[in-house]
Amino acid sequence: MFGLSPLRRGGIAALSLSVAASIAPPAFAAMGNTASSYGLFPGDVASAQALSMFNPQASSLYYNPSYLIKDPRGELTIGFLHAEQELDGRSLGGAAPATRDGNLLDDSRSQQQLIALKTDLSSITKFEHPIYFAIIAGVEKYGKEMLSFNSTTSMGGQYMEYGRQPLFLNIGGGTELLHGIAVGASAHVSLRSDAKLVASSNLAGETQYETLEVNAKPVIRPVLGVTLDWGKLICGKGDCITDGLETAFAFRGHTEARTSVDSRITIPGTVPSPGIALLIDTVDSYQPDIYSAGVQYRFNDRLRAGVTVERQNWSDLMEVLEDDTVKDQADIHFKDITVPRVGVEWSALKNVSLTAGVAFRESPLESDRSLDVNYLDADKTIYGVGGSWTIERPPILAYPMRLDFGYQFHDIDERKFDLTSDRAPVNPYETIETGGEVHVFSGSVTLKF
């Protein structure tokens, strides 16, 4: 917590920044996040997250922490993700069409920088049983933006899923519980921020006697995973038909970035104490409880394929938005959805592998209109491709180095929405047809040790 007093002409400016989420012109606050919308590392992006539950890299900490045990080597990974969206909204007419620059609603970019560390902690304990620890941290705009927040209404419509997630933090580990059964757990950290502003101002906006207090506290949600290796469970160490068959189950608790603002402004001779009260409590970057189940089969040393099914409980968001002072009037309805994903990885050469995947995501947004907020979303098909190259003897380094690249394309279906606003003379004031596409590029360097 920190206090600033006096701010000298800054109280109203600080208040404006605090409440910009509620009064800004059309912006694009998203209910998605990088890891669930695109994938963390190139392998997740390339497989459309179909193989993420069976990824031995540190990113499995978020999707299925029990799979950390599959590669006993430690690793340090530095990655980046760049997403460009071209999200359209073509006007179909109305009583008072909103002013916009052509049909393009959003062409903003998401640029995430990630760093991850994975290691075996058994070397610092008296136990010989491996216990794998990992941590992943991500920052938006390649490390330049950590605490950006945006929650807004929009006359022109705003896409629900795509947007920035300034801070990503996950920490946890995994171990083999029994022969063929691995378990893991991690904590996903998001922030709850509270701001309090008290100030006295004249009619020109010049302030004095200001006090600004800001608190940010972590909100921790669990990620749990279990992996069953049927070759070990049924056959022990011998060869049998179930060799290469694995199933995994995971649970990711819901996350949200929430900000609350409590401000009171007095104007001597005009607005006496206790002043004008402005209370805001709003969320951004929400992700629901997600239950995942996956099956992978490794045909041989060169080929593996996997199928993952996710159950995302988006209906819980309706209760969250009832307490959201920016969006509570919208009366938005959501439904739970099931997301199927299919992926394959092929070792084309000794140290080169290629990955591809496809997924279909039904829109959880049932409402075709939402007063003032005007959320937009539609069904989408997600395609991914990528590859990796392992350098066994890199210069200077004593251990192998791995280079990964992934590309993902989102094909968003067309859908009609009615735009509404309590500031418009009639509702709906415009009908639009949405669609678009998203391009995602991801790369990483992994050092083994």
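Numbering of residues starts from 1 in each chain and follows the order in which that chain's sequence is written. Note on the predicted model: pLDDT of at least 70 is required for a residue's local features to be given, and 80 or more for side-chain atom pairs to be given and counted; whole-chain, interface and lining totals, by contrast, use all residues. The side-chain figures draw on all heavy atoms in the structure; neither hydrogens nor water molecules are used.

Novice: Please clarify how the overall build of the protein chain should be interpreted in this entry.
Specialist: In this description a helix means any DSSP run of H or I spanning at least four residues, a strand means any run of E spanning at least two, and both kinds are numbered starting from the N terminus. Across its full length, the protein chain carries seven helices and 20 strands. Note on exposure labels: buried denotes an accessible area under 20% of the residue type's maximum, exposed denotes more than 50%, and partly exposed covers the range between, all computed with a 1.4 Å probe on protein chains only. Across the 449 residues that make up the protein chain, the buried fraction comes to 50%. In short, Shrake-Rupley with a 1.4 Å probe defines the accessible areas, and a residue's cover is counted only from the protein chains shown. Approximately 20100 Å² of the protein chain is accessible, and the part contributed by carbon and sulfur atoms is 60%.

Novice: Can you walk me through a nonpolar patch on the surface in this structure?
Specialist: Surface patches are defined over residues having more than 30% relative accessible area and no salt bridge, joining like charges when they lie within 9 Å and nonpolar side chains (Val, Leu, Ile, Met, Phe, Trp, Tyr) when within 5 Å. Every case where a carboxyl oxygen of Asp or Glu lies within 4 Å of a side-chain nitrogen of Lys or Arg is listed as a salt bridge. Among the surface-exposed residues, Leu76, Ile78, Ile115, Leu117, Tyr399 and Phe449 lie close enough to one another that they form a single nonpolar patch of about 530 Å² accessible area. Counting only elements with at least two residues in the nonpolar patch, the list comes to strand 2 (75-91) and strand 4 (109-120). You can see Ile78 is positioned in strand 2.

Novice: How do you make sense of the state of the cysteines when you look at a structure like this?
Specialist: Disulfide: a covalent bond connecting the sulfur atoms of a pair of cysteines. In this description, a disulfide is simply a cysteine sulfur pair whose atoms lie within 2.5 Å. Applying the stated criterion across every chain yields a total of one disulfide. In this model Cys235 forms its disulfide with Cys240; the gap between the sulfur atoms is 1.4 Å. The S-S bond linking Cys235 to Cys240 shows a torsion near 90 degrees; that makes this disulfide right-handed. Of the residues examined, Cys240 reaches a relative accessible area of 27% and is grouped as partly exposed.

Novice: Just to check I follow, could you spell out empty space enclosed by the protein for this structure?
Specialist: To find leftover empty space, one rolls a probe the size of a water molecule over the atoms. As defined here, a cavity is a set of points on a 1 Å grid over the protein atoms alone where a 1.4 Å probe fits but cannot get out. A pocket is an open set with protein on both sides within 12 Å along at least five of seven lines, and residues line them when an atom is within 4 Å of a point. Grid points are joined across faces, edges and corners, and a volume is the space filled by probe spheres set on the points. Taken as a whole, this structure holds five cavities of 30 Å³ or more when the rule is applied. Counted as a void, the largest cavity has a volume near 50 Å³. Every residue along the wall of the largest cavity is listed here: Tyr62, His188, Arg221, Pro222, Val223, Arg252, Gly253, Thr255, Gln287, Pro288 and Ile290. If one sorts the elements of the lining of the largest cavity by residue count, strand 9 (residues 207-229) sits on top with three residues. Grouping the amino acids of the lining of the largest cavity by side-chain chemistry returns five nonpolar, four polar and two charged. The residue classification treats Ala, Val, Leu, Ile, Met, Phe, Trp, Tyr, Cys and Pro as nonpolar and Asp, Glu, Lys and Arg as charged. All others, Gly included, are polar.

Novice: I tried to follow the pairing of strand 10 (residues 245-252) on my own but got confused; where do I start?
Specialist: Look at any regular strand and the pattern is simple: side chains alternate between the two faces of the sheet. With six of eight residues buried, strand 10 is to be regarded as a mostly interior element. Should DSSP find at least two bridges between two strands, the strands are regarded as paired. One ladder, built from seven bridges, connects strand 9 with strand 10; its direction is antiparallel. Directly across from Val223, in strand 10, lies its bridge partner Arg252. Across eight bridges, strand 10 lies against strand 13 (residues 290-298) in antiparallel orientation. Paired with Leu245 across the strands is Tyr297, a residue of strand 13.

Novice: Could you clarify how one ought to interpret the side chain of Ser59 in this entry?
Specialist: Structurally, Ser59 is set in the loop between helix 3 (42-46) and helix 4 (60-63). Here the side chain of Ser59 touches Asp44 through a polar contact of 3.0 Å, side chain to side chain. Once residues within four sequence positions are removed from consideration, Ser59 is found in contact with Leu40, Phe41, Asp44 and Ile136. Two N or O atoms count as a polar contact when they lie within 3.5 Å, although within protein this holds only if one can serve as hydrogen donor and the other as acceptor, and sequence-adjacent residues are included solely when both atoms are side-chain atoms. Whether two residues touch is decided by their heavy atoms; if any such pair falls within 4.5 Å, the residues are in contact.

Novice: Got a minute to help me understand the pairing of strand 15 (residues 337-347) in this structure?
Specialist: Where burial is concerned, the two faces of strand 15 differ: the one with Ile337, Val339, Arg341, Gly343, Glu345 and Ser347 is buried and the one with Thr338, Pro340, Val342, Val344 and Trp346 is not. Bridge count for strand 14 (residues 303-312) against strand 15 is 10 bridges, and the pairing is antiparallel. Across the sheet, residue Gln312 finds its bridge partner in strand 15, namely Ile337. What sits between strand 15 and strand 16 (residues 352-361) in their antiparallel hairpin is a turn of four residues.

Novice: Just checking my understanding: could you explain the confidence of the model for the protein chain for this structure?
Specialist: Low-pLDDT stretches of the model should not have their predicted coordinates read in fine detail. One number per residue, pLDDT, summarises how confident the predictor is, and it ranges from 0 to 100. Overall, the prediction assigns the protein chain a mean pLDDT of 86, with 88% of residues at 70 or greater. Under a pLDDT of 50 for its full length, residues 1-29 has, in the predicted model, 71 contacts with residues more than four places off or in other chains.

Novice: I keep staring at the side chain of Arg415 and nothing clicks. Help me out?
Specialist: Along the chain, Arg415 turns up in strand 19 (residues 401-419). A distance of 3.5 Å separates a polar side-chain atom of Arg415 from the backbone oxygen of Ser367. Polar side-chain contacts of Arg415 include one of 3.0 Å to the side chain of Asp368. Apart from the residues lying within four places of it in its own chain, the contact partners of Arg415 are Ser363, Leu365, Glu366, Ser367, Asp368, Asp377, Ala378, Ile432, Glu433 and Thr434.

Novice: Can you help me understand unusual backbone geometry in this one?
Specialist: Leave glycine aside and you will find that most residues have negative phi; peptide bonds, for their part, are mostly trans. The omega torsion of the bond from Ser273 to Pro274 falls at 10 degrees, within 30 degrees of zero and hence cis. Mapped onto the fold, Pro274 is located in strand 12 (residues 271-287). That bond from Asn427 to Pro428 is cis: its omega, -5 degrees, falls within 30 degrees of zero. Here Pro428 shows up in the loop between strand 19 and strand 20 (430-448). With phi around 65 degrees, Gln49 is a residue other than glycine that occupies positive phi space. Structurally, Gln49 is set in the loop between helix 3 and helix 4. The backbone phi angle of Asp331 is positive, close to 55 degrees, even though this residue is not glycine. Among the structural elements, Asp331 can be located in the loop between helix 7 (317-322) and strand 15.

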